[in-house]
Every structure is written in structure tokens, then in C-alpha cells.
Amino acid sequence: MSNNNASNNLIIAQRAVKQLRLEASVRRIKVSQAADDLKNFCLQNATRDPLLMGIPSSDNPFRPPKSCSLF
Amino acid sequence: MGEMEQLRKEADNLKDQITAARKAMQDTTLQEAAASINVVGRVQLKTRKTLRGHLAKIYAMHWSTDSKLCVSASQDGKLIVWDSITTNKVNAIPLKSSWVMTCAYAPSGNLVACGGLDNMCSIYNLKGKDGNVKVMRELAAHTGYLSCCRFLSDSEIITSSGDCTCVLWDIETGTQKTIFAGHQGDCMSLAVSPDFKFFISGACDFTAKLWDIREGTCRQTFGGHENLSRINYILDLCKLYDLRADQELITYQDSSIMCGVTSLAPSLSGRLLLAGYDDFNVNIWDTLKAERVGVLAGHDNRVSCIGVSSDGMACCTGSWDSFLKIWN
């Protein structure tokens, strides 16, 4: 019984080490590059972001139009 | 045992290696890199619609990819599909178990899913022939509550559970395709990458893990390699992690905020981060400057869920006050 527990714990520990080895080997980029890419993405897409830019009421599907138009 | 000691030492060494490797990438901070950008102007969103109909706390909501319909789950035992523009209830689906904790809309719009304390993920077909919405599949295998689910397609869904695992299911056969094991605590939420190749899970072991869906492996772990034994109370924070730099970039906190974050949603460009809190409000953060630029106040109880539609036109909040609100 205790042998089983011991070998189980060993397997768990081996798996943990294997996983840590995998995660340690990840290729990382510098924070400056990550930050720049994030900044650029946000700035380049800013004009396309309705919540950021605001939505004119005529273009807002959630707002009823102010006047009645007949088309 | 000699080998256990060796493995423990190796594990500690590897954790130190990871910490050092991350530190080596810290040639600046997001704060410094964004210093030249101005904070976004005050964001004032208004409630455009209130979706009334649930009779109890709302625990989850998810937008359909059409940016018009959305689904919500409440502990009144109902899943409601709403037309957010007309506020009409398109479907009101009675659930077998009222202890629902999550819901999801399939990208196709054909299916919705939900689950909770029943430990199952139930899939409903919205486009059945006779117009009735019925249970299409009950995905049962988790040994803990279903905390979150997200469709990859009409044939695959990923679930996260209180049993500490996430699972990729084949909906057709109702079987588990892949089990993502590794978390040491209840898995509470998950988010799928836009290309459907990866997903991130958050768990009660204080970590978030990035999983490769097809390989079934955990690629990266965030928040867990530090020694957390010094923390003797739970501090609910909002942090931004960068996958490629493999580390935290910034924390969204304010001394005036004394409560926990329940839910998060970025705006379309990523510049705004909308976060729902226990104090009944939603705080809007400038993602790059980590400054609060707006507040959505209107709910009379905890904001439990939040989502921004795919076209970025609106934000939907769900609350324990039983209402959903659409803001823009």
C-alpha cells in the first residue's frame, strides 16, 4: 500500500519536472518588444473601436433613431 | 527517498530558471513603454437596453458572433436567448438543473451550452426542425462542477471544471477527446484563442495555463512559479500577462477599489478593459496606462459576467440583480 503511494508520488514528481522543463524551454521575447507590439496594435485599431471612439446615434443599432424616415 | 529529493531539487532549480529567464527579458516595463501615450479620455457608456426576464441571479452570459443575439444563464433554471436590439426573448430554455454556472453560444449560432453543479455540459440545438429547443447532448464525465465552457465549432467544445481539469469534447459522440490536466485547484474559467489553436484556463491554484488544443499539452503557466506561501489573504487583482514575453506586464489596481473582479472583457482594439466587480460596478481601464477611465454603474447587485460583442459595438453585463444591460 505504502509502496503504491510512494511510486505514485514519484510519477507525479517526474511529470512535474518534465512539465517544468518544457515551460523553462519556452522562447521568450523582450518586454520592450511585447509592449511595443501591444501599443501598436491598440493604436492602429483605435479608430475601429466603437466603445473607444463613441458611436454616432445614427449608426448605433441600440439607439432608436430620433426622427421617423420614410424610405 | 533519494529520487524524490532529487526531483524536488530539480523542480526548484527549474522554477528558479524560469524566474531568471523572465527577468532577463525585463529591459523595460509596459508603464515606461507607454509613457509617451496619453491616457484615453473619459469613457462614458450609457445603458441602451435592459434585458428583463430572469427571476434570480444571472451567473453567465455570452454573445453570439452576430453581435445581436446573446444567451444568459440564471439560477432561476433558465437559459434565455435574447435579441439585444429589440430586447425580445428568442428562446427561454428550461434547464434540468437550476444550478447553472456557465453558458456559451456556438460560433455558428446553431447551438448553446450550459452547465454547473450537475457536473455536466448540456448542449441545446436552437435550430431543431420542429422549432422546439431540446437537449442535444449531455457531456458527462467531470467529477466536479462545470465552471466554464466554450465552443470551438458545432462538433467540439472545451469545458473547465471544479475537478481541476479542462476537457475537449466530441459533441457528436459525447466523448472526451482530450483531458487537460495539470492545475492543482478548481478550474474556474477558460478563453479560446481567435485561431482556435490554444486556450487559457484560470484556476484556484492562482495560476493561468496556456494549452495547445491539438497537442493536449500545457505550454506556459502564469502566476504560479513564485512562492505564494507568504500570501495569507486573497487579494483580488487584475493582471495583464504577455504570452510571448512569458510574464506579467502590468496590474490594474486602484487604492479605492476594495473588492474582487468577477469578469473581464477587452474592447475591440484592446485599448479598453472592462471589468465587473463585486461592488455592483464595472470599471473601465486604459489597458496600456493602467488607469481607470470610466465606470458603469447601474446594477443593484454584483456584476457576475460581462462580454463585448464581436463587432465591438456594445458591452453586455449580467448581474445578481437578475438583469442584463447593454451599454455603449
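In the annotation of an unreviewed UniProt entry, the entry for chain B reads Guanine nucleotide-binding protein G(I)/G(S)/G(T) subunit beta-3-like, and the organism field reads Gouania willdenowi. Looking at chain B in UniProt, the text filed under Sequence similarities (unreviewed entry) is "Belongs to the WD repeat G protein beta family."

As recorded by an unreviewed UniProt entry, chain A carries the name Guanine nucleotide-binding protein subunit gamma and is attributed to Gouania willdenowi. As recorded by UniProt, the Subunit (unreviewed entry) comment attached to chain A reads in full: "G proteins are composed of 3 units; alpha, beta and gamma." What the UniProt record of chain A gives under Subcellular location (unreviewed entry) is the line "Cell membrane".

Trainee: Talk me through the overall build of chain A; I want residue IDs and the actual numbers.
Mentor: Looking only at helices and strands, chain A has three helices and zero strands in total. Its helices and strands taken in sequence order, chain A reads α-α-α from the N to the C terminus. Burial status across chain A gives 31% buried among its 71 residues. Summed over its atoms, the accessible surface of chain A is roughly 5100 Å², and 54% of this surface lies on carbon and sulfur atoms.

Trainee: I'd like a description of the overall build of chain B, backed by residues and values.
Mentor: Helix and strand counts for chain B come out as two helices and 26 strands. A globule of 328 residues ought to have a C-alpha radius of gyration of about 20 Å, and chain B, at 20 Å, matches this closely. Taking the principal axes of the C-alpha coordinates as reference, chain B spans close to 65 × 50 × 35 Å. The burial tally for chain B puts 52% of its 328 residues in the buried class. Each charge class in chain B was averaged separately, 33 positive and 36 negative side chains, and the resulting centres sit 6 Å apart.

Trainee: Please give an account of the environment of Ser160 of chain B that cites residues and values.
Mentor: Residues and elements named next belong to chain B. Inspection of the secondary structure puts Ser160 in strand β11 (residues 156-161). Using a relative accessible area of 0% as the deciding quantity, one classes Ser160 as buried. Sequence-wise, Ser160 and Leu146 are 14 residues apart; in three dimensions their C-alpha atoms are separated by 6.1 Å. Ser160 has contacts with Tyr145, Leu146, Ser147, Cys148, Thr165, Cys166, Cys187, Met188, Ser189 and Leu190, leaving out every residue within four places of it along the chain.

Trainee: How would you explain the nonpolar core if you had to name every residue and give the values?
Mentor: Judged by nonpolar contacts, the single largest core of 22 residues is most densely connected at Leu30, Tyr252, Tyr277, Trp285 and Leu288 of chain B. Among the elements of the structure, α2 (31-45) of chain A together with α2 (30-33), β19 (247-252) and β21 (272-277) of chain B are those that each provide at least two residues to this core. The residues touching Tyr252 of chain B, leaving out its near neighbours within four places in the chain, are Cys238, Lys239, Leu240, Leu273, Trp285, Asp286, Thr287 and Ala290 of chain B. In this structure, Leu274, Ile284, Leu296 and Ile306 of chain B belong to the second largest nonpolar core, which totals 18 residues.

Trainee: For the UniProt feature "repeat: WD" (unreviewed entry) in chain B, give the residues involved together with the corresponding values.
Mentor: With numbering matched to this structure, UniProt assigns "repeat: WD" (unreviewed entry) to residues 51-92, 139-179, 180-221 and 296-328 of chain B. End-to-end, the C-alpha atoms of residues 139-179 of chain B are 13 Å apart, and along that stretch the chain is 0% helix and 61% strand.

Trainee: Tell me about the interface of chain A and chain B, and name the residues and values.
Mentor: With 40 residues of chain A at the contact, the number on the chain B side is 60 residues. Summing both partners gives a buried area of about 4100 Å² for chain A against chain B, and 70% of it is carried by carbon and sulfur. On the chain A side of the interface with chain B, the three residues burying the most area are Arg28, Leu51 and Phe62 of chain A, jointly 21% of the side's total. Our count for the contact surface shared by chain A and chain B stands at three salt bridges. A salt bridge links Glu10 of chain B to Arg21 of chain A; the shortest N-O distance between them is 2.7 Å. Here chain A and chain B share 13 residue pairs in polar contact (both at pLDDT 80 or more) between them. Ranked by the residues each element gives to the side of chain A that touches chain B, the list is headed by α2 of chain A, at 12 residues. Among the residues making up the side of chain A that touches chain B, the classes are represented as 22 nonpolar, seven polar and 11 charged.

Trainee: Help me get a handle on the environment of Ser255 of chain B, residues and values and all.
Mentor: Here Ser255 of chain B shows up in the loop between β19 and β20 (261-266). Distance in space between the C-alpha atoms of Ser255 of chain B and Leu7 of chain B is 42 Å, their sequence separation being 248 residues.

Trainee: How would you explain the sheet that holds strand β26 (residues 324-327) of chain B if you had to name every residue and give the values?
Mentor: Residue and element names in this part refer to chain B. Taken together, the four strands give an open sheet; going across it, the order is β1-β26-β25-β24, and neighbouring strands pair in antiparallel fashion. Either end of the sheet is taken by a strand with one partner, and the two such strands are β1 (47-51) and β24 (303-308). When the angles between neighbouring strand axes are averaged without regard to direction, this sheet yields 20°.

Trainee: If you had to explain the UniProt feature "coiled-coil region" (unreviewed entry) in chain B to someone new, which residues and values would you point to?
Mentor: According to UniProt, the "coiled-coil region" (unreviewed entry) feature falls on residues 4-31 of chain B. Helix makes up 82% of residues 4-31 of chain B and strand makes up 0%, while its end C-alpha atoms are separated by 42 Å.

Trainee: Report on the packing of aromatic side chains, specifying residues and quantitative values.
Mentor: Aromatic ring pairs are described here by two measures, namely the spacing of the ring centres and the angle between the planes. Residues and elements named next belong to chain B. Per the stated rule, a full pass over the model turns up six aromatic pairs over all chains. Note on Tyr59 and Trp320: the rings are 5.9 Å apart at their centroids and 40° apart in plane angle, and the pair reads as tilted. Highlighted residues: Tyr59 in strand β2 (residues 58-63) and Trp320 in the loop between β25 (315-319) and β26, separated in sequence by 261 residues. Exposure remark for Tyr59: the relative accessible area of 24% places this residue in the partly exposed category. Ring centres of Tyr252 and Trp285 lie 5.9 Å apart, and the angle between their planes is 55°; on these two criteria the pair is classed as tilted.

Trainee: Please set out the confidence of the model for chain B residue by residue, giving values where relevant.
Mentor: Residue and element names in this part refer to chain B. Of all residues in chain B, 96% attain a pLDDT of 70 or more, and the chain-wide mean is 94. Segment residues 225-234 is flagged for pLDDT under 50; beyond a separation of four residues in sequence, or across chains, it makes eight contacts in the model. As a predicted assembly, this complex carries a pTM of 0.93 together with an ipTM value of 0.90.

Calculation rules
Residues numbered from 1 in each chain as written. Chains lettered and ligands numbered in written order. Predicted model: local features only at pLDDT ≥ 70, side-chain atom pairs only at ≥ 80, totals over all residues. Heavy atoms only, no water. UniProt positions renumbered as here; feature names shortened; annotations may be inferred. Helix = DSSP H or I, 4+ residues; strand = E, 2+ residues; numbered from the N terminus. Buried < 20%, exposed > 50% of the residue type's maximum accessible area, 1.4 Å probe, protein only. Areas by Shrake-Rupley, 256 points an atom, 1.4 Å probe, with all protein chains shown as cover. Rg over C-alpha atoms; globule rule 2.2 N^0.38 Å. Lys, Arg positive; Asp, Glu negative; His and termini not counted. Charge placed at Lys NZ, Arg CZ, Asp CG, Glu CD. Contact = heavy atoms within 4.5 Å. Core = buried A, V, L, I, M, F, W, Y, C linked by side-chain atoms within 4.5 Å. Buried area = accessible area lost by both parts, 1.4 Å probe. Salt bridge = Lys/Arg side-chain N within 4 Å of Asp/Glu carboxyl O. Polar contact = N/O pair within 3.5 Å; in protein donor to acceptor, adjacent residues only side chain to side chain. Nonpolar A, V, L, I, M, F, W, Y, C, P; charged D, E, K, R; others polar. Pairing = 2+ DSSP bridges. Axes fitted to C-alpha atoms, helices over the stretch in contact; angles between N-to-C directions. Phe/Tyr/Trp six-rings, centres within 6.5 Å; stacked < 30°, edge-to-face > 60°. pLDDT = per-residue confidence, 0-100.

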